[in-house]
Amino acid sequence: MGADQEPDPGMDPLRAAAEVMRQVRERCVWSQAMTHRELVPYLVEESAELIDAVERDDRAELREELGDLLWQVLFHAAIAAQDPEDPFDIDDVARTLTEKMTRRHPHVFGDAIARTPEEVLVHWNAAKAAEKRERRSVLDGIPPGMPALARAQKILGRAAKAGVEVSEDPAVEAGEEAPPAIVGPTPAPATEPVPLTEAELGDQLLALVVAARTHGWDAERALRERIRILEDEVRAAEGSEPA
């Protein structure tokens, strides 16, 4: 391909996309100036747009947004290829991915057997644990930059593995007794019912955000601070376990 030529129509589409990215990185002044850090907001935005397309079941948008997210991957790989100390390109990224996914699917590429999704996860987690031997806590590897709600759900799953369970009732979690029901002419205070569907859960979460806004609280920060307490509890439980 010449310096100013478009990719050959007969070229493998993924290879053509990588070649377009290479030329853009080399000859577009805006792209030349970008760094990994400066690209992060675009990566977050494109990921959010892809999620929106998935949840709206918009096939046309899904196809386009997958491409936009792929462009971000190609962009980061093109930047990495120019690193003077530790360069790697999109082929290295693909090679590493292929090797990792082959290891983590021994029931597909090896002699292991998995007849249920649960058995697949057993193989996956065993392979992942072997790869991440340097990790000392079940919490290691959970990105601090995740949205608080998603991070809370992730940490709760890991916490259970360390024997730390969080009750749905904060009073029970704190070891307090539930307040007695009010009898007589004064009606008992209404209690929020446990949601039975994701839609009902969404309603309750939104109501909590409304309450936070009314009181001038930061809902994200409130959850982050509670997550930190849970993380301390998990690490303490892990530290108390016999070696």
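All figures in this text were calculated on a predicted structure; none of them were measured in a lab. (Residues numbered from 1 in each chain as written. Predicted model: local features only at pLDDT ≥ 70, side-chain atom pairs only at ≥ 80, totals over all residues. Heavy atoms only, no water.)

Trainee: What is the right way to look at the nonpolar core in this model?
Mentor: Across soluble globular proteins, nonpolar side chains show a tendency to be buried alongside one another. The biggest cluster of nonpolar side chains holds 11 residues, and these are L139, I142, A152, I155, A159, A162, V164, I227, L230, V234 and A237. Among the secondary structure elements, those contributing two or more residues to this core are α8 (148-161) and α11 (219-240). Element by element, the count of residues in this core is highest for α11, at four residues. Counting residues in hydrophobic clusters, the runner-up holds eight residues, among them M21, M34, A78 and I79. (Core = buried A, V, L, I, M, F, W, Y, C linked by side-chain atoms within 4.5 Å. Buried < 20%, exposed > 50% of the residue type's maximum accessible area, 1.4 Å probe, protein only. Helix = DSSP H or I, 4+ residues; strand = E, 2+ residues; numbered from the N terminus.)

Trainee: It is not clear to me how the packing of aromatic side chains should be interpreted in this structure. Could you clarify?
Mentor: A ring pair, where both rings are aromatic, is described by two values, the distance of the centres and the angle of the planes. On inspection of all chains with the given rule, the structure shows two aromatic pairs. Judged by centre distance (5.8 Å) and plane angle (85°), the ring pair of W30 and Y42 falls under edge-to-face. Here Y42 lies in helix α3 (residues 36-55) and W30 lies in helix α2 (residues 29-33), a separation of 12 residues in the sequence. Classification of Y42 by relative accessible area gives partly exposed; the value is 36%. On the basis of an interplanar angle of 65° and a centroid distance of 6.3 Å, the ring pair of W30 and F75 is categorised as edge-to-face. You can see W30 sitting in helix α2 and its partner F75 sitting in helix α4 (residues 59-81), a full 45 residues away along the chain. A residue is classified by how much of its surface remains accessible, and F75, at 2% relative accessible area, is buried. Feature note: the residues W30, Y42 and F75 constitute an aromatic cluster, connected by ring pairs. It is R104 that lies over the ring of W124; its NZ or CZ is 4.8 Å from the centre. (Phe/Tyr/Trp six-rings, centres within 6.5 Å; stacked < 30°, edge-to-face > 60°. Lys NZ or Arg CZ within 6 Å of the ring centre and 35° of its normal.)

Trainee: Where do I start with the layout of surface pockets in this structure?
Mentor: With a probe scaled to a water molecule rolled over the atoms, the places where space remains empty come into view. There is about 420 Å³ of room inside the second largest pocket. Considering the residues around the second largest pocket, the lining is formed by 15 residues, among which A129, R135, V138, R158 and K161 are closest to the centre. (1 Å grid on protein atoms, 1.4 Å probe; cavity = no way out; pocket = protein on both sides within 12 Å on 5 of 7 lines; lining within 4 Å. Points joined across faces, edges and corners; volume = space filled by probe spheres on them.)

Trainee: What is the right way to read unusual backbone geometry from this model?
Mentor: Keep in mind that most residues, glycine aside, have a negative phi and that most peptide bonds are trans. Although it is not a glycine, D57 adopts a positive phi angle of roughly 55°. Note on placement: D57 falls in the loop between α3 and α4.

Trainee: Help me understand the packing of α3 against α4 in this model?
Mentor: Axes are the key here: two packed helices are described by the angle between their axes and the distance separating the axes. Between α3 and α4, whose axes approach to 9 Å, the crossing angle comes to 160°. Taken together, the axes of α3 and α4 are roughly antiparallel relative to one another. The two elements α3 and α4 cross, and the hand of that crossing is left-handed. From α3, H36, L39, Y42, L43, E46, S47, E49, L50, A53 and V54 reach across to α4, where they touch E61, L62, E65, L66, D68, L69, Q72, F75, H76, I79 and A80. (Axes fitted to C-alpha atoms, helices over the stretch in contact; angles between N-to-C directions. Parallel < 35°, antiparallel > 145°, perpendicular 65-115°, else oblique. Left-handed = near helix turned anticlockwise from the far one by under 90°. Contact = heavy atoms within 4.5 Å.)

Trainee: Can you walk me through a nonpolar patch on the surface in this structure?
Mentor: Together, L149, L201, L205 and L208 make up an exposed nonpolar region whose accessible area comes to about 350 Å². Sorting elements by how many residues they give to the nonpolar patch places helix α10 (residues 198-215) first, with three residues. Mapped onto the secondary structure, L205 falls in helix α10. Taking the relative accessible area as the measure of exposure, L205 reaches 33% and is therefore partly exposed. (Patch = residues over 30% accessible without salt bridge, like charges linked within 9 Å, V, L, I, M, F, W, Y side chains within 5 Å. Areas by Shrake-Rupley, 256 points an atom, 1.4 Å probe, with all protein chains shown as cover. Salt bridge = Lys/Arg side-chain N within 4 Å of Asp/Glu carboxyl O.)

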